[in-house]
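Geometric and topological summary
One letter stands for each residue in the lines below.
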Amino acid sequence: MTGGAGAVVMLAAGCSGDTSGAGELASEESKTTVTITPANGTTEVKPDGTIEVKVADGTLQKVTVQGEGAQITGKLSADRTSWRSDRTMTPDTKYIVTAVAANDGKSQTATSSFSTLDPAQTLEIVDVTPNLKGEKVGVGAPIIVSFNRPVGNRAAVEKALKVTPEKPAVGAWRWVDDKRVIYRTKTYWEPHQKIKFEAGLAGLNVGGGVYGEEDRQETITVGAEQITKGDISEHHMTVYRDGKKLRTIPFSAGNGTTREYTTTSGVHLLMGKENPVTMVSPGRKPGDPGYYKTVVNYGVRFSNSGEYTHAMASTVGVQGSANVSHGCLNLSPKNAKWYYDIMQRGDVLKLTGSDRQLEPDNGWGFQQMSFEEWKEGSALQ
């Protein structure tokens, strides 16, 4: 049976009766009529449809909805004669609605069992970054949400995404392509807290017959505030944790002979680490002038244009006094390992002193964009 007709159940005070039928009288003395929509046995209910329960000649005491999918909640009317669900349902799922009504001090129970549509296409989240098991992130960490298919109704999806930090912060979403949306704060997160990410996608109609597959919840843990400040022209950087200076490190940055060999200035967010990491000259193949392929240790990535902090024993003699690298920050093996060991994805690395500014879309350069401009990428503006 398809469609959304309500199951009408007459509830008799003082006798149980059959509550699974549609339009049946429990007894001739029934005084309470409960209507549940969708009706018992209904199939292919649209996931974004509404569950409704109404009672005549009585009041609703309790309404529950059970199913393997999203937890369905709803609200009672002020006079307790009706109840409506207030969220969407999981596709291809069986739900059972149970309503308890009362009349003249007697209560009875009515039920309706139905199933939702199994759509040909669904939208689901395939990744939330950064969120590795046991990971603590830095105060600049973005929340990057990736979907399995292009998002048609971006506004509807964005409304379904919720970020709740323990310590309040101002932030906004920005769509960077049709499958990815990114949340960043106006400044930074407060350190030492947890952030709850929730996506109420189950049953959400995103257009073109596509519905959200399921809800998603993640907890992101922010660690210490680790901010590194460096001057490319002065060849040093200083690392701070929770406002206290930890270490000043000499480095050798990009030699600046070409744009690609110039280390970027700006607010970088550490993206990850690799040990070892293979460095290959960009845009060059073996035999070309300037081609290189080098394996280095303790690499900490801070852009998508190949910039890392890493160990380079061969340049220790000029670290702190000259820039001779191909764009990375060369550190001594000891300092490179120390920085590698303490880093958190989303830690802040502020570099000044070069004529090349980090592009906002180069890696996690999101803080390079003003917050007002960032918000313009929201589907809700």
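Up top you'll find the structure we're talking about.
My aim in this report is to walk through the structure given alongside it, one point at a time. Owing to the predicted nature of the structure, the values given are computational and were not obtained by experimental measurement.

A separate point is the environment of glutamate 52. Position of glutamate 52 among the secondary structure elements: in strand 3 (residues 52-56). Taking the C-alpha atoms as reference points, glutamate 52 and proline 91, 39 residues apart in sequence, are found 18 Å from one another. Excluding residues that lie within four positions of it along the chain, glutamate 52 makes contacts with Thr35, Ile36, Thr37, Trp83 and Arg84. Among the polar contacts made by the side chain of glutamate 52, one reaches the side chain of arginine 84 at a distance of 3.4 Å.

Okay, the pattern of salt bridges next. Tallying each qualifying case throughout the model produces twelve salt bridges. Between arginine 345 and glutamate 135 there is a salt bridge, with the nearest N and O atoms lying 2.7 Å from each other. Separated by 210 residues along the polypeptide, arginine 345 in the loop between helix 2 (333-342) and strand 29 (348-352) and glutamate 135 in the loop between strand 10 (125-129) and strand 11 (136-137) bring together distant segments of the chain. Each member of the pair, arginine 345 as well as glutamate 135, is classed as buried. The partner of arginine 356 in a salt bridge is glutamate 359, with the nearest N and O atoms 3.7 Å apart. The class for glutamate 359 is partly exposed, based on a relative accessible area of 21%.

Now for the nonpolar core. By size, the foremost hydrophobic cluster in this structure holds 42 residues, and its most contacted members are Ile143, Phe147, Val157, Trp173 and Phe197. The leading source of residues in this core is strand 12 (residues 143-147), at four residues.

For the rest of this paragraph, the subject is the sheet that holds strand 26 (residues 299-301). Spatial strand order, 23-26-27-28: four strands in an open sheet with mixed pairing. Taken across any chain shown, the strands that pair with only one partner, and hence form the sheet edges, are strand 23 (272-274) and strand 28 (329-331). Between one strand axis and the next, the sheet turns through 20 degrees on average, direction left out of account. As paired strands, strand 23 and strand 26 are joined by three bridges and run antiparallel to one another. Note on strand 26: the bridge partner recorded for glutamate 274 is glycine 299.

Definitions and cut-offs
- Sequence order sets the numbering: in each chain, residues are counted from 1 along the sequence as written.
- For a predicted model such as this one, the threshold for reporting local features is a pLDDT of at least 70, and the threshold for listing and counting side-chain atom pairs is 80 or more; totals across whole chains, interfaces and linings nevertheless cover every residue.
- Excluding hydrogens and water, the side-chain figures rest on all heavy atoms present in the structure.
- Elements are defined by DSSP. Helices are runs of H or I of four residues or more, strands are runs of E of two residues or more, and each kind is numbered from the N terminus.
- A contact between two residues is defined here by any heavy atoms of the two lying within 4.5 Å.
- Distance and chemistry together define a polar contact, namely a pair of N or O atoms within 3.5 Å, with one atom able to donate a hydrogen and the other to accept it when in protein, and with adjacent residues in sequence counting only for side-chain atoms on both sides.
- Salt bridges are identified by distance alone: a Lys or Arg side-chain nitrogen within 4 Å of an Asp or Glu carboxyl oxygen.
- Exposure classes here rest on a 1.4 Å probe applied to the protein chains alone. A residue is buried below 20% of its type maximum, exposed above 50%, and partly exposed in between.
- As used in this record, nonpolar core signifies buried Ala, Val, Leu, Ile, Met, Phe, Trp, Tyr and Cys residues forming a set joined through side-chain atoms within 4.5 Å.
- The pairing criterion is simple: DSSP has to find at least two bridges between the two strands.
- Orientation is described by lines fitted to C-alpha atoms, with helices fitted over the stretch in contact, and by angles between N-to-C directions that extend from 0 to 180 degrees.

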